[in-house]
Amino acid sequence: MRCVKCQGTASVDLPSRNAAYCAPHYLDHFEYEVGHNIRSLKMFTPDERVLVAVSGGKDSLALWETLIRLGYKTTGFHIHLGIGEYSDLSREKTEAYARAHGVELIVVEVEAAVGATIPEVSKALRRVPCSGCGLTKRYLMNRTAREQGFSVLATGHNLDDEAATLMGGVLHWQMDSLGRQAPALESTHARLGRKVKPLYTLSEKETASYAVLRHIDYVVDECPHSVGALSLLYKDVLNRIEAESHGTKLRFFQGYLKNLRPALASAGQKVELRECATCGEATTAEVCAYCRMVQQVYRWKQRRVAPAPTPAPTTPAPASPSA
Ligand code: AMP
Ligand code: FES
Ligand code: ZN
Ligand code: ZN
């Protein structure tokens, strides 16, 4: 296997792109592709301050590294979810990266913001952890970016994430989420910031190869709550198709952006956004879903700490005759 650039021994084989690269040319390829995505979709300019959501995993750390190397003005943003050792390790790796590279990092604890950790939120809502987790992450990312003066929020979603989300949207015909799925989302309300995904054309294999070749120390384990998630099944199915028919994943997602998204975006109904009566963030309801969740968690906690009510005296039931 030879590098397509220098004919030297290749370290990364990319059948999906019909190419292979030696380590230095692979790193060039990856950084060039990210820079190209940013410029072609006008995600942000070198003058803008970008808040990079960093989970401590390979994708978001690879994104942060690339943006720093490309000369963009970045600050990291990490949300400590309170999911036991997994969250502690994720924060450690993110903080270690920021220290080693001398870059600014903002850390927010879900327990402090919501009043409970993600596993507790899950119990309070009686829903799978990912549901409260996703809502909390989206809310805290948007609010922090605006409050701290960032014009744009960048996440490390890669091609596999986007293709799997698209597959879920198509399989269940979720027209709302299909219409909203895009690598660059403009602000639609003064309180909703721009959101971008500069890695959207790079596969999980590509981001992992980049992180390894750049010696980035990232959390390898997935969140313990992701076991059995449908998104993992969709990723697996797409990878099996990809193995038989190289380039399918990229064509699937780019085909959607070219052929379906413009039609959905123009046909979609404009949602009326207003400010949440409790926190002031943009929402379609009187009180936003995040504030309703925080209230529910608060009531759940109150019930747990409140002493059990003394049962009212009742007339003893007649003893049943012994057998
Ligand atoms: P996921 O939803 O876990 O696939 O993550 C998608 C992207 O969301 C990551 O690449 C990060 O940019 C961001 N993200 C996920 N979890 C966190 C977190 N705990 N803190 C900050 N950003 C996160
Ligand atoms: Fe949110 Fe696992 S439940 S990362
Ligand atoms: Zn080479
Ligand atoms: Zn609110």
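Criteria and thresholds
- Residues numbered from 1 in each chain as written.
- Chains lettered and ligands numbered in written order.
- Predicted model: local features only at pLDDT ≥ 70, side-chain atom pairs only at ≥ 80, totals over all residues.
- Heavy atoms only, no water.
- Helix = DSSP H or I, 4+ residues; strand = E, 2+ residues; numbered from the N terminus.
- Contact = heavy atoms within 4.5 Å.
- Areas by Shrake-Rupley, 256 points an atom, 1.4 Å probe, with all protein chains shown as cover.
- Lys, Arg positive; Asp, Glu negative; His and termini not counted.
- Charge placed at Lys NZ, Arg CZ, Asp CG, Glu CD.
- Near = heavy atom within 4 Å.
- Polar contact = N/O pair within 3.5 Å; in protein donor to acceptor, adjacent residues only side chain to side chain.
- Nonpolar A, V, L, I, M, F, W, Y, C, P; charged D, E, K, R; others polar.
- Donors = N, O, S within 2.8 Å, 3.2 Å for Na, K, Ca; no water.
- Tetrahedral: all angles 85-135°; square planar, octahedral: opposite > 155°, others 65-115°.
- Salt bridge = Lys/Arg side-chain N within 4 Å of Asp/Glu carboxyl O.
- Buried < 20%, exposed > 50% of the residue type's maximum accessible area, 1.4 Å probe, protein only.

Caption draft 1: Just the overall build of the protein, in detail. From N to C terminus, the protein includes 12 helices and 10 strands. When contacts within the protein are restricted to residue pairs at least 6 apart in sequence, long-range pairs at least 24 apart make up 69% of them. When the accessible surface of the protein is split by element, carbon and sulfur atoms take 54% of a total near 17700 Å². Each charge class in the protein can be summarised by its mean position, and for the 39 positive and 34 negative side chains these summaries are 4 Å apart.

Caption draft 2: A look at the site of ligand 1. By nearness alone, every residue bordering ligand 1 is listed as Ala53, Val54, Ser55, Ser60, Phe77, His78, Ile79, Lys137, Met141, Thr155, Gly156 and His157. In the environment of ligand 1, a nitrogen atom lies 3.3 Å from a nitrogen or oxygen atom belonging to the side chain of Lys137. With respect to ligand 1, the backbone of Gly156 contributes an N or O atom lying 2.9 Å from an oxygen atom. In isolation ligand 1 offers 480 Å² of accessible surface; the protein chains occlude 76% of this area. Of all the elements in the fold, those that place two or more residues in the shell around ligand 1 are β4 (73-80) and α6 (129-147). Residue contributions to the shell around ligand 1 peak at 3 residues, all from β4. Looking at the shell around ligand 1 residue by residue, the classes come out as 5 nonpolar, 6 polar and 1 charged.

Caption draft 3: Expanded view of the coordination of the zinc ion (ligand 4). Coordination of the zinc ion (ligand 4) by the protein is provided by Cys276 (SG), Cys279 (SG), Cys288 (SG) and Cys291 (SG), with metal-donor distances spanning 2.2 to 2.4 Å. Coordination geometry of the zinc ion (ligand 4): the 4 donor atoms subtend angles of 105 to 117 degrees at the metal centre, consistent with an arrangement described as tetrahedral.

Caption draft 4: Molecular detail of the coordination of the zinc ion (ligand 3). Only Cys3 (SG), Cys6 (SG), Cys22 (SG) and His25 (ND1) from the protein reach the zinc ion (ligand 3) as donors, at distances of 2.1 to 2.3 Å. Around the zinc ion (ligand 3), the 4 donor atoms are arranged such that angles at the metal cover 97 to 114 degrees; this shape is classified as tetrahedral. Read in sequence order, the donor residues coordinating the zinc ion (ligand 3) give the pattern C-x2-C-x15-C-x2-H.

Caption draft 5: Representation of the pattern of salt bridges within the structure. Within the structure shown, the criterion is met by 20 salt bridges. Here Glu204 ties to Lys58 by a salt bridge, and the two come within 3.9 Å at their closest N and O atoms. Pair noted here: Glu204 is in helix α9 (residues 204-213) and Lys58 is in helix α2 (residues 58-69), with a separation of 146 residues, a long-range link. Its salt-bridge partner being Glu109, residue Arg91 comes within 2.4 Å of it at the nearest N-O pair. Residue Arg91 is located in helix α3 (residues 84-101), and its partner Glu109 is located in strand β5 (residues 105-109); the two are separated by 18 residues in the primary sequence. Residue classification places Glu109 among the partly exposed residues on the basis of a relative accessible area of 28%. Three or more residues joined by partner-sharing salt bridges are found here, namely Lys58, Asp59, Asp161, Glu204 and Lys235.

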